Amino acid sequence: MSKVFFIVVIMFFTLTYAHANTQDEIQKGEKNDTIQVHTLQEAVVEGQSKYITATKSVYIPSQKDKETSYDAHSLLERMMIPEIMAIPESTVVTTLAGQNVSIFINFLPADYMDQSALYTKDVTSVEYLDHPDDPRFHGAEYVINFIVKEYKYGGYTKLNDRVNFMNKVRNELSLYQRLVYKKWTLDLYSSYNYNYNTHSEVNEYSIFRFPRKDDSFKEIIRETKLIDAKQRFSNEPISLRLTYKTDRTTLRNSFGFSHESQPDIHINGGLWISEYPENTEKYSQNRNSNFNSFTWDGDYYFDLSNGWELSIKNNFAHTYSRKSNEYVSDFINETIVNNTRERAYDESADVSLEKKINSNHSLSLDLSGGIQYNHIDYLGDYPAVEHFSSPRMS
């Protein structure tokens, strides 16, 4: 019994000692693990709207710019890129010195259809390049290249309608459809443009000075005054484009047809010359015309590896036009008729091969050539036939 009591006492003191040591270690640990807490300030990250590299200036459009723009040109107007001028109410883009700026979208040439159909919310950046050496720009001296988000599947539809009633009636209705499936993209575009203008001509005032022997000048004034003028114009373009694109290859073919008509151009005016003030000539002119065209454009790019790049661009156009012109005045007893029919073909091709040696040096070979053929029939009071061709190579 005494042995059992002795064992129980020893176990009690052992547990008490262990408990005391444990509490002491916990208190020490609390003192050693004490950490001071500091309140962190709010972190603010601001986006950069412009940066410059060795070959280009890159601009990031704001969300407001993209949401308030309806095509490529209006986006350039709102971004106000300092190197260029985007002239409002037009499609003209120039440098500050007046040189023409070529427009590209994802390194592919962008015509009027591409620019008007651009979905501005998909634009991630806009690049300005001065004399780029990339063969995909086909030797353009000044370039604006829109970088646009590319779809893997799906697409979008865009409908535009613009109406202008300032001194004329102008309506431009267009429909654009893009369909994307993996590496293939199909673009369809159709448009109807109508213009009725009652102020299509201008008055002209000219002064001619002829020297005399006594160092004085004889002055003759010639003035053309517009009495009234009316003009109607319509245009219906249709185009289809198929694009195949991978990381190293781009193949694009575009086909288009356009019908343009000016069924009624009527001008009445007067011609006055100061030398014969009593003989003011009144004249009347009536014109109409039709213009049809078919076009095929090909754009092909190949990354041949090891620094070699090949770019090929092909253009073909066939046009047929008919024009009628009737002119009568007080000094002519009969109407002068001048009617023409014209057929024209234009074919051109550009090939560019480039070898990149390093980031600062490259070698390139550029070849371009083409031929234009015109056949004109004059069917009015002075009939004649004219045809000519003009090959070109560089």
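Residues numbered from 1 in each chain as written. Predicted model: local features only at pLDDT ≥ 70, side-chain atom pairs only at ≥ 80, totals over all residues. Heavy atoms only, no water.

Visitor: Please explain the packing of aromatic side chains as it appears in this structure.
Guide: Aromatic ring pairs are described here by two measures, namely the spacing of the ring centres and the angle between the planes. Tallied over the entire structure, the rule returns nine aromatic pairs. A connected cluster of aromatic rings, assembled from ring pairs, spans Y119, Y151, Y156 and Y176. Over the face of the ring belonging to Y301 we find R136, whose NZ or CZ atom lies 5.0 Å from the ring centre. (Phe/Tyr/Trp six-rings, centres within 6.5 Å; stacked < 30°, edge-to-face > 60°. Lys NZ or Arg CZ within 6 Å of the ring centre and 35° of its normal.)

Visitor: Which parts of the structure should I look at to understand helix α3 (residues 72–79)?
Guide: Since the α-helix advances by 3.6 residues per turn, residues separated by three or four positions end up pointing in the same direction. Here α3 lies mainly inside the structure; six of its eight residues are buried. Taken together, the buried positions of α3 are A72, H73, S74, L75, L76 and M79. Of the residues that open α3, the one with a side-chain oxygen 3.4 Å from the backbone nitrogen of H73 is D71. Directly beyond the C-terminal end of α3, a positive phi value near 50° is found at M80. (Buried < 20%, exposed > 50% of the residue type's maximum accessible area, 1.4 Å probe, protein only. Helix = DSSP H or I, 4+ residues; strand = E, 2+ residues; numbered from the N terminus. Polar contact = N/O pair within 3.5 Å; in protein donor to acceptor, adjacent residues only side chain to side chain.)

Visitor: Explain the pattern of salt bridges to me, please; I cannot follow it from the model alone.
Guide: Note on pairing: side chains with opposite charge can pair once their charged atoms come close. Within this structure, the stated rule accounts for 12 salt bridges. With a shortest N-O distance of 2.9 Å, D134 and R136 are connected by a salt bridge. A relative accessible area of 22% places R136 in the partly exposed class. Among the charged side chains, a salt-bridge network with shared partners connects D111, D114 and R241. (Salt bridge = Lys/Arg side-chain N within 4 Å of Asp/Glu carboxyl O.)

Visitor: Any chance you could explain unusual backbone geometry here in plain terms?
Guide: As a rule of thumb, non-glycine residues mostly have phi less than zero, and peptide bonds are mostly trans rather than cis. In this structure, H131 takes a positive phi of about 50° despite not being glycine. Here H131 is to be found in the loop between β7 (123–130) and β8 (142–148). In this structure, S305 takes a positive phi of about 70° despite not being glycine. Relative accessible area serves as the criterion here: at 28%, S305 is assigned to the partly exposed category.

Visitor: Is there a simple way to think about the sheet that holds β8 in this case?
Guide: Whenever strands of a sheet pair, they do so through backbone hydrogen bonds, lying parallel or antiparallel. The six strands are arranged β1-β2-β7-β8-β5-β6 in an open sheet whose pairing can be described as mixed. Both outer strands of the open sheet, β1 (50–52) and β6 (108–109), are each paired with one neighbouring strand and no more. Its contacts with the sheet place α3 against β2 (57–59), β5 (102–105), β7 and β8, and it is angled at close to 105° to β8. (Pairing = 2+ DSSP bridges. Contact = heavy atoms within 4.5 Å. Axes fitted to C-alpha atoms, helices over the stretch in contact; angles between N-to-C directions.)

No statement about biological role is implied by the geometric values presented.
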